[in-house]
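Reading the structure
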Amino acid sequence: MCSLLRTEDAGTMVIATILTPDIPDPGALCDALSAVAPESPRHLLIDCVFVTSLSANTRQNLCAFAQKMLDGGSKVRLCNLTEFNAFVIHFVALDRYFDIFDTQEEALLA
């Protein structure tokens, strides 16, 4: 298993928890997410509970990944973002790529 992620199957979606506070290689993160991404109609929940910083490059890579998922009929949800990271994603209108939730529980119930 990739040391960047912990994954679990949650029925209608796969939960991928990012295990590092900073993401030094956004490309490697997206490769790891692609490896665990479910087939449509299942969705991917990316839990950012340990993530303290999302660089512009990371956000760009995540958006490109999410667009591929959307094109394939699956959605990407984000949860447990820091207040700042959630603000930046909303401010630069990247939330059109993701459904964003405060907690993993809210994301699973939606």
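We now turn to the structure provided with this report. (Residues numbered from 1 in each chain as written. Predicted model: local features only at pLDDT ≥ 70, side-chain atom pairs only at ≥ 80, totals over all residues. Heavy atoms only, no water.)

**Some points on the pairing of strand S4 (residues 76-79)**
Residue alternation in S4 divides its side chains into two sets, Val-76 and Leu-78 and Arg-77 and Cys-79, and both sets are buried. In the sheet, strand S3 (residues 43-47) pairs with S4 via four bridges, with the strands oriented parallel. Following the sheet pairing, Asp-47 is matched in S4 by Cys-79. Crossover handedness for the path S3 to helix H2 (residues 56-71) to S4: right-handed. Strand direction decides the pairing type here: S4 and strand S5 (residues 99-101), joined by three bridges, are parallel. (Buried < 20%, exposed > 50% of the residue type's maximum accessible area, 1.4 Å probe, protein only. Helix = DSSP H or I, 4+ residues; strand = E, 2+ residues; numbered from the N terminus. Pairing = 2+ DSSP bridges. Right-handed = clockwise from strand over helix to strand, strands pointing away.)

**Some thoughts on the packing of helix H1 (residues 26-36) against H2**
As a packed pair, H1 and H2 sit with axes 9 Å apart at the nearest point and diverge in direction by 25°. Classified by the interaxial angle, the pair formed by H1 and H2 is roughly parallel. In this structure, H1 crosses over H2, and the sense of that crossing is right-handed. Counting all contacts with H1, which are made through Pro-26, Gly-27, Leu-29, Cys-30, Leu-33 and Ser-34, the residues of H2 involved are Asn-57, Thr-58, Asn-61, Leu-62 and Phe-65. For the contact of H1 with H2, the class distribution of residues is six nonpolar, five polar and no charged. (Axes fitted to C-alpha atoms, helices over the stretch in contact; angles between N-to-C directions. Parallel < 35°, antiparallel > 145°, perpendicular 65-115°, else oblique. Left-handed = near helix turned anticlockwise from the far one by under 90°. Contact = heavy atoms within 4.5 Å. Nonpolar A, V, L, I, M, F, W, Y, C, P; charged D, E, K, R; others polar.)

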